[in-house]
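# A look at the structure
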Amino acid sequence: MGTEREFLNRHGDVRTLPLSGHVGFDSLPQQLVNKCISQGFCFNILCIGETGIGKSTLINTLFNTSFEDYESTHFEPSVKLRAQTYDLQESNVRLKLTVVSTIGFGDQINKEDSYIPIVNYIDRQFEAYLQEELKIKRALYRYHDTRIHACLYFIAPTGHSLKTLDLLTMKNLDSKVNIIPVIAKADAISKTELQKFKIKLLSELVKNGVQIYQFPTDDETFSKHNADMNGHLPFAVVGSMDEIMIGNKMVKARQYPWGIVQVENENHCDFVKLREMLICINMEDLREQTHARHYELYRRCKLEEMGFRDNGPSDKVVSLQETYETKRHEYMNDVHRKEEEMRQRFVHRVREKEAMLKEAEREIMSRYEHLRRLDHDERMKLEEKRQLLEEEWNLFNQMKAATELYPAQGYGSVSGSLKRDRKNFM
């Protein structure tokens, strides 16, 4: 019995057994690595910043590649987003990189709604992934994931407070994307001013409740290093693809009349820290946080809007099929109710129209009768006048005939008789 306890250790329903020899499932991590390498990886970066702040230059410097560069003006009527996808390869690892850049951000007179196109773009990528996930025949392993994994938010090196636009934009994005604030063109201010500027930025972000991405400290391998890097946020960076000979080595740098700023010199800027944290150490964590935190939040809110719940009214677990059938039943009842309301409304309007037509018909008939009576009266009057005219005409013909018959003899007597007849007629 004691021997059995030694070989059979129950922890809940899990039993731990010692193996008498090598089985081979310790190669599972390597199998996953090989599969991931064969499939390749994708990484999507969103760059937010004003026109000319150095977004394209920094991305080129980060990946040591000259990407396509499009000139932008300061006269865009609204904020637009441009996405470019590139296939990169380093050693035997393939990376599908998508760089999304804002165009015209902060250039409008009214900047109040400048963040809305950015939020809408991020939501569209979430919605596209959700629709793919809800398909009957889905192929997520082949689906090109366009969800934003990291947002590099470029802050102008003013040395003063954050702009209202920056606070408003980051506040509306912190629940949708991993925000990594960077101070662009950090060589524009001195080291002392830069350090004060960093402290002020962090204080304002905390005060306004803006959640920026924190490098994870739960992995023992990088916990100390990531914790130290969290203390350097936001990173003050300088980007340049120009190479200058310093000593016997070519380095990326920016040359000024007063000296040279080396991009990869940690005493000059935080570019190396940013590249190491973003690409070398925490790229997979950024991808995981996007899926497990931001996408799940969007998915949960979207399904709740559609009426789906995990638990019923009595806190009973409800399956997706039951929820769907319930929602379908509610929907069909609502459709039937609306159809009945529309039918009743239609019948009511038809009856109102019929009543109006009948009333109009009665009015028309009344007018017709009135006009018919008027016409009859006019006809009677005309008939009387016609009879009078006929009598006058007959009398005239008689007088004419009498005049022609006795032209000379009885002119006077005829004329007298005519006068008498006229008086009698009158």
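What this report covers is the structure whose coordinates are included nearby. Note that the structure is a prediction, hence the values are computed from the model and not measured.

Okay, unusual backbone geometry next. Cis geometry is found at the peptide bond from Leu 233 to Pro 234, where omega equals -10°. Following the sequence through the fold, Pro 234 ends up in the loop between helix H7 (223–230) and strand E8 (235–236). Of note, the phi angle at Asn 64 is positive, near 55°, even though the residue is not glycine. With respect to the element layout, Asn 64 can be found in the loop between helix H3 (55–62) and strand E4 (80–90). Phi angles above zero are rare outside glycine, and Lys 185 is one such case at about 50°. Inspection of the secondary structure assignment puts Lys 185 in the loop between strand E7 (179–183) and helix H6 (191–207).

Okay, the side chain of Lys 198 next. Residue position: Lys 198 is located in helix H6. Within the local environment of Lys 198, its side chain forms a polar contact with the backbone oxygen of His 232, the two atoms lying 3.3 Å apart. If sequence neighbours within four positions are ignored, Lys 198 has contacts with Ile 183, His 232, Pro 234, Ala 236 and Asp 270.

Bringing the pairing of strand E6 (residues 150–155) into the picture now. Counting buried residues in E6 gives six out of six residues, a clear majority hidden from the surface. Residues Ala 150, Leu 152 and Phe 154 line one face of E6 and the alternating positions Cys 151, Tyr 153 and Ile 155 line the opposite face, and both faces are buried. Summarising the sheet, strand E3 (residues 41–48) and E6 pair through four bridges and their orientation is parallel. Residue pairing for E6: Leu 46 is matched across the bridge by Cys 151. Where E6 lies against E7, five bridges are found, and the strand directions are parallel. Bridge assignment links Ile 155 to a residue of E7, and that residue is Ile 183.

Attention now goes to helix H5 (residues 164–173). Restricting attention to buried positions, one finds in H5 the residues Leu 165, Asp 166, Leu 167, Thr 169, Met 170 and Leu 173. Contacts from the buried residues of H5 go to E3, helix H4 (116–133), E6, E7 and H6.

As summarised here, the arrangement of the six strands in space is E4-E5-E3-E6-E7-E8, forming an open sheet in which the pairing is mixed. Of all the strands in the sheet, the pair left with one neighbour each is E4 and E8. Contacts from H4 reach E3, E4 and strand E5 (93–103), with the element oriented near 50° to E4. With respect to the sheet, helix H9 (residues 283–305) is in contact with E3, E5, E6 and E7, its orientation differing from that of E3 by roughly 80°.

This next bit is on the pattern of salt bridges. For the coordinates displayed, the defined rule picks out 23 salt bridges. As a salt-bridge pair, Asp 334 and Lys 338 come within 3.4 Å of each other at their nearest N and O atoms. You can see Asp 334 and its partner Lys 338 sitting in helix H10 (residues 320–405), four residues apart, about one turn around the helix. Residue Arg 362 pairs with Glu 359 through a salt bridge whose shortest N-O separation is 2.4 Å. Of this pair, Arg 362 and Glu 359 both sit in helix H10, three residues apart, which is roughly one turn of the helix. Residue classification places Glu 359 among the partly exposed positions, given a relative accessible area of 37%. Residues joined by salt bridges that share partners form a network here, namely Lys 198, Glu 266, Asp 270 and Lys 273.

Here Lys 196 shows up in helix H6. Taking C-alpha positions, Lys 196 is 7.8 Å from Gly 159, a pair spaced 37 residues apart along the chain.

This brings us to the side chain of Thr 290. Looking at the secondary structure, you find Thr 290 in helix H9. Within the structure, Thr 290 has its side chain in polar contact with the backbone oxygen of Leu 286 (distance 2.8 Å). Residues in contact with Thr 290, not counting those within four places in the same chain, are Phe 126, Arg 147, Ile 148, His 149, Asn 178 and Tyr 295.

For the rest of this paragraph, the subject is the packing of aromatic side chains. The final tally for this structure, using the stated rule, is 11 aromatic pairs. Judged by centre distance (6.3 Å) and plane angle (70°), the ring pair of Phe 63 and Phe 67 falls under edge-to-face. Aromatic pair Tyr 129 and Tyr 143: ring centres 5.7 Å apart, planes at 65°, arrangement edge-to-face. Here Tyr 129 is found in helix H4, whereas its partner Tyr 143 is found in the loop between H4 and E6, with 14 residues between them in sequence. Among the residues examined, Tyr 129 registers a relative accessible area of 10% and is labelled buried. Directly above the ring of Tyr 129 sits Arg 147, whose terminal nitrogen or CZ lies 3.7 Å from the centroid.

Parameters at a glance
- Residues numbered from 1 in each chain as written.
- Predicted model: local features only at pLDDT ≥ 70, side-chain atom pairs only at ≥ 80, totals over all residues.
- Heavy atoms only, no water.
- Helix = DSSP H or I, 4+ residues; strand = E, 2+ residues; numbered from the N terminus.
- Polar contact = N/O pair within 3.5 Å; in protein donor to acceptor, adjacent residues only side chain to side chain.
- Contact = heavy atoms within 4.5 Å.
- Buried < 20%, exposed > 50% of the residue type's maximum accessible area, 1.4 Å probe, protein only.
- Pairing = 2+ DSSP bridges.
- Axes fitted to C-alpha atoms, helices over the stretch in contact; angles between N-to-C directions.
- Salt bridge = Lys/Arg side-chain N within 4 Å of Asp/Glu carboxyl O.
- Phe/Tyr/Trp six-rings, centres within 6.5 Å; stacked < 30°, edge-to-face > 60°.
- Lys NZ or Arg CZ within 6 Å of the ring centre and 35° of its normal.

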